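In case you want the letters, here they are:
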Amino acid sequence: MQTPEKQLKEGYYRKCNDVMKCALLVDGISLEGVPVQPDPVVQLPPLDIAPNLIAGHIMDANARKACERKLQEITQRYNERRLLCLEDIKEFEEVNRQLLVDGMSMDGVTVQLDPVVPPPLDDTPNLIADKICHDEAVPSDELVSFVKHLRVANIEEGGILSIPGNVCMGGECDLKFLHGKLFIRKCYTELSDMLLKETETPAFLIEGTPGVGKSFFSYYLIYRLIQLKKTIVWHSASSSVVVCITPTATHFAGNLLKFKRQLNDRSTWYIVDAIRPLDFNAVTLLVTSPDRRRSKHYENRCCTVRFMPVWNWEEILQAYKAGVALAQNSPELELSEIEKLFRRWGGVPRYIFQHAHTDSQQAILEAVIGEAVVQKLSDYISVQDDDAVSHHMLHIDANTADTGEFKQYEKNIVVFASGFARAQVLDKFPEQCRDEMLYFRNRLFRLPLPLNSI
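Residues numbered from 1 in each chain as written. Predicted model: local features only at pLDDT ≥ 70, side-chain atom pairs only at ≥ 80, totals over all residues. Heavy atoms only, no water.

Draft legend 1. Spotlight on the overall build of the protein. The number of helices and strands found in the protein is 18 helices and 16 strands. Per-residue burial for the protein yields a buried fraction of 48% across its 454 residues. If you take every contact in the protein between residues at least 6 apart in sequence, the share linking residues at least 24 apart comes to 63%. Carbon and sulfur atoms make up 51% of the accessible area of the protein, which amounts to about 22200 Å² in all. (Helix = DSSP H or I, 4+ residues; strand = E, 2+ residues; numbered from the N terminus. Buried < 20%, exposed > 50% of the residue type's maximum accessible area, 1.4 Å probe, protein only. Contact = heavy atoms within 4.5 Å. Areas by Shrake-Rupley, 256 points an atom, 1.4 Å probe, with all protein chains shown as cover.)

Pasting the structure below:
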């Protein structure tokens, strides 16, 4: 039979363990720099702290009651949301340090206990992410300016969303060279129309080749939702701050659950960029490059999946004529240079425009093709993971019209990035791989080049 002292110690250890579990229930943690996504909700038993077990042999009655009230407040907050933020944990530790006195009473039995304190959170700082636990995150001036001016943006002739104030697109400093100009692709309009019409759909997923403009699409959609006076919660992997945009105000927080009330409102739009979204009642949109770790759980919500096509040459020309074919650290690009980069990279504006004059980026294509081996080609053809090699050699295109069998943008089509990429892949195989290459050669030549390629 356990002694009262042992029962109390084991019970307290269990309480501490539950609280530490809660502290780590965040939407993203990093272990040695590798982001992972644990399930955000774990059903734990209610945190039932029994203040009647604590005898105040040292503390006076008023101080003891104040501590007990704090414990009850923490308990109530936890039972409401099944999650404790970092401040709750620290407060819980401090109150318990005060209450762990040298005498505790249960059923009239007085026992002597050594203070038991949960391990400090600082012992494992690399396991705790800031996105949920920390409320102190401060938005950058660039992000505040972007959201502020997006409210008063307008669409100019040529299909350009013009955001005043010379803002950094998306609040990202390395996109300042765009001067707040966003080229509205035809697929942006058609995809956003589709999202806005399917009001009964609870969740959407849009995938596409890295660098094709998925984040820019989310900015355009946010602009349209602002015009419709919708409430938007925007959570991007590029920022530690979550943004809540309402018809009358803009709010910033480092804790997604600060906006729990809005996120559980069916009329709210929850837009997530390259992060695994949490489950809420809001209409949810995830825009991401293909990454099974990020989208597999989300797809189980019976979401509507669509694919963003790569740019065709007509769109490249339209962007050039509209004056938004701009590069970092470069005043302008010549059309002949743009055409050369398009033949090389295919329809990915990140490398045609943004990094046109960035030598390290332009050298990537040969480097990743050099890594390709015959044994992996079949895996690359599927393009199911966020693999740098596959996404530079092969692109995801989509059906831009309803085919009868597939709705618009519903079918993903794997294509070679360009004729240059296809030729380079086939030329890289060493002589001893020729037999294997004969098998894959047929498959590779069946892969089409992008539509409207030149």
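Picking up after the structure, the text goes on.
Draft legend 2. Highlighting the nonpolar core. Core analysis: the largest hydrophobic core is formed by 75 residues, its most contacted members being Phe146, Leu150, Leu195, Phe217, Trp234, Leu285 and Phe353. Counting residues per element, this core draws most heavily on helix α7 (residues 214-227), at 8 residues. If sequence neighbours within four positions are ignored, Leu285 has contacts with Leu195, Phe204, Ile206, Phe217, Leu221, Tyr270, Ile271, Val272 and Tyr298. Formed by 18 residues, the second largest nonpolar core is a distinct cluster that contains Ala253, Leu256, Ile275 and Phe280. (Core = buried A, V, L, I, M, F, W, Y, C linked by side-chain atoms within 4.5 Å.)

Draft legend 3. Focus on helix α11 (residues 335-345). Considered for burial, the residues of α11 that qualify are Ile338, Leu341, Phe342, Arg344 and Trp345. End-on, the buried residues of α11 take up no more than an arc of 165°, which puts them together on one face. The exposed set on the far side of α11, more than 90 degrees from its buried face, consists of Ser336 and Lys340. (Arc of directions from axis to C-beta.)

Draft legend 4. Broad picture of helix α10 (residues 313-321). For α10, the full list of buried residues reads Trp313, Glu315, Ile316 and Ala319. Seen along its axis, α10 keeps its buried residues to an arc of 160°; they face one direction. Opposite its buried face, α10 presents the exposed residues Glu314 and Lys321, each directed more than 90 degrees away. Tucked into the core, α10 has its buried residues touching β7 (181-183), α6 (186-197), α11 and α12 (349-354). For α10, the side-chain oxygen to backbone nitrogen distance between the N-cap and Glu314 is 3.1 Å, and the N-cap itself is Asn312. Count one or two residues on from α10 and you reach Gly323, which has phi positive near 80°. (Polar contact = N/O pair within 3.5 Å; in protein donor to acceptor, adjacent residues only side chain to side chain.)

Draft legend 5. Quick look at the packing of aromatic side chains. Per the stated rule, a full pass over the model turns up 12 aromatic pairs. Aromatic pair Trp345 and Tyr351: ring centres 4.1 Å apart, planes at 10°, arrangement stacked. Judged by its relative accessible area of 2%, Trp345 falls in the buried class. The buried category is assigned to Tyr351, whose relative accessible area is 8%. Through a chain of ring-to-ring contacts, three or more aromatic side chains come together here, namely Phe146, Phe216, Tyr219 and Trp234. (Phe/Tyr/Trp six-rings, centres within 6.5 Å; stacked < 30°, edge-to-face > 60°.)

Draft legend 6. How the structure looks around the pairing of strand β11 (residues 250-253). Pairing analysis gives 4 bridges linking strand β10 (residues 242-245) to β11, with the strands arranged antiparallel. Bridge pairing in β11 links Ile245 to Thr250. Hairpin remark: β10 followed by β11, antiparallel, with 4 residues in the connecting loop. (Pairing = 2+ DSSP bridges.)

Draft legend 7. Looking closely at the sheet that holds strand β5 (residues 154-156). Strand order in the open sheet formed by 3 strands is β5-β6-β7, and the pairing between neighbours is antiparallel. The outermost strands of the open sheet, each flanked by one partner alone, are β5 and β7. For this sheet, the mean inter-axis angle between neighbouring strands, taken without regard to orientation, is 30°. For strand β6 (residues 160-162) and β7, the ladder comprises 3 bridges, and the chain directions are antiparallel. Across the sheet, Leu161 pairs through a bridge with Leu182, a residue of β7. (Axes fitted to C-alpha atoms, helices over the stretch in contact; angles between N-to-C directions.)

Draft legend 8. Seen up close, the confidence of the model for the protein. Across the protein, the average pLDDT comes to 74, with 63% of residues at or above 70. Within the protein, the element-level pLDDT minimum falls on helix α4 (residues 130-133), averaging 33, and the maximum on α7, averaging 98. Per-residue pLDDT stays below 50 along residues 19-58; that stretch engages in 87 contacts with residues further than four places along the chain or on separate chains. Low pLDDT, under 50, characterises residues 101-135; the stretch is placed with 93 contacts to residues that sit more than four places away or in other chains. (pLDDT = per-residue confidence, 0-100.)

Draft legend 9. Quick look at the pattern of salt bridges. Going through the model one piece at a time under the given rule, you end up with 5 salt bridges. Between Glu315 and Arg185 there is a salt bridge, and its shortest N-O distance comes to 3.1 Å. In this pair, Glu315 sits in helix α10 while Arg185 sits in the loop between β7 and α6, placing the two residues 130 residues apart along the sequence. The pair formed by Glu315 and Arg185 is uniform in burial state, with each residue classed as buried. The salt bridge partner of Arg224 is Asp193, with a shortest N-O separation of 2.8 Å. Linking Arg224 in helix α7 with Asp193 in helix α6, this pair joins segments that are 31 residues apart in sequence. (Salt bridge = Lys/Arg side-chain N within 4 Å of Asp/Glu carboxyl O.)

Draft legend 10. Representation of the sheet that holds strand β9 (residues 232-236) in the model. Taken in spatial order, the 7 strands line up as β11-β10-β9-β12-β13-β8-β14 in an open sheet, and their pairing is mixed. Bordering the open sheet on either side are β11 and β14 (304-308), each of which pairs with just one other strand. Averaged over all pairs of adjacent strands, the angle between their axes in this sheet comes to 15°, without regard to strand direction. Two strands pair when backbone bridges link them, and strand β12 (residues 269-273) and strand β13 (residues 283-288) are joined in this way by 5 bridges, in the parallel orientation.

Draft legend 11. Summary view of the packing of α6 against α7. The N-to-C vectors of α6 and α7 enclose an angle of 50°; their axes lie 10 Å apart at closest approach. In terms of orientation, α6 and α7 fall into the oblique class. The two elements α6 and α7 cross, and the hand of that crossing is right-handed. Along its contact with α6, which presents Tyr188, Thr189, Leu191, Ser192, Asp193, Leu195 and Leu196, the element α7 presents Phe216, Phe217, Tyr220, Leu221, Arg224 and Leu225. Among the residues making up the contact of α6 with α7, the classes are represented as 9 nonpolar, 2 polar and 2 charged. (Parallel < 35°, antiparallel > 145°, perpendicular 65-115°, else oblique. Left-handed = near helix turned anticlockwise from the far one by under 90°. Nonpolar A, V, L, I, M, F, W, Y, C, P; charged D, E, K, R; others polar.)

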